[in-house]
Amino acid sequence: MSKMEFLKNGMSFEEALFSDDPFKQCLARFAASDFAERMGDFINSELQRGTEIATLMIAMARFQVSVHASVAAQTMPIKAIEMTACMYQEMVGENYLVHVKQIQQQLAEGEPA
């Protein structure tokens, strides 16, 4: 697996960091940290260990949901958590396959994913 990248579509980290969009700013800070590299390293280690891809994918999804829910539980009132859970489900439904297709196209064109 190649190194993960959070920002695409021609926007540099600097442009995202100074963007008026707080979501792009936060994604840029994620990308500028060692978070993505460490996650990629962990995934590569699991694959080299022989972890079945289905097991890895389910474990990653459970971990991501657990982290997201833990942050929500510690920082938000229940009504906001319920709305956030719905938004999380919508975001996965709307963006997951779109992102998969973008990555597959990049790989087909010989670009890093």
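This text goes with the structure placed above it.
Counting from 1, residues in each chain are numbered in the order their sequence is written. Residue-level local features of this predicted model are given only where pLDDT is at least 70; pairs of side-chain atoms are given and counted only at 80 or more, and the full residue set underlies all totals for whole chains, interfaces and linings. Heavy atoms throughout the structure, all of them, feed into the side-chain values; hydrogens and water do not.

Enquirer: Could you give an account of the layout of surface pockets, naming the residues involved and the relevant values?
Expert: Method remark: on a 1 Å grid restricted to protein atoms, a set of points is classed as a cavity if a 1.4 Å probe fits but cannot get out and as a pocket if it is open with protein on both sides within 12 Å along at least five of seven lines; lining residues have an atom within 4 Å of a point. Grid points are joined across faces, edges and corners, and a volume is the space filled by probe spheres set on the points. Here the second largest pocket is characterised by a volume of approximately 260 Å³. In terms of lining, the second largest pocket is formed by Phe35, Arg38, Met39, Phe42, Glu46, Thr51, Thr55, Leu56, Ala59, Met60, Phe63 and Gln64. Elements represented by at least two residues in the lining of the second largest pocket include exactly helix H3 (35-49) and helix H4 (53-75). Labels follow the DSSP assignment, with helices taken as runs of H or I lasting at least four residues and strands as runs of E lasting at least two, numbered in each case from the N terminus. Residue contributions to the lining of the second largest pocket peak at six residues, all from H4.

Enquirer: Tell me about the pattern of salt bridges, residues and numbers included.
Expert: Counted as salt bridges are all cases of a side-chain nitrogen of Lys or Arg within 4 Å of a carboxyl oxygen of Asp or Glu. Tallied over the full model, the rule gives one salt bridge. For Glu46, the salt bridge identified is with Arg49, shortest N-O distance 2.3 Å. One end of the pair is Glu46 and the other is Arg49, both in helix H3 and three residues apart, which spans about a single turn. With relative accessibility at 14%, the residue Glu46 sits in the buried group. Exposure remark for Arg49: the relative accessible area of 59% places this residue in the exposed category. Remark: exposure states derive from per-residue accessible area (1.4 Å probe, protein chains only) relative to the maximum for the residue type, with buried under 20%, exposed over 50%, and partly exposed in between.

What is shown is where atoms sit, not what they do.
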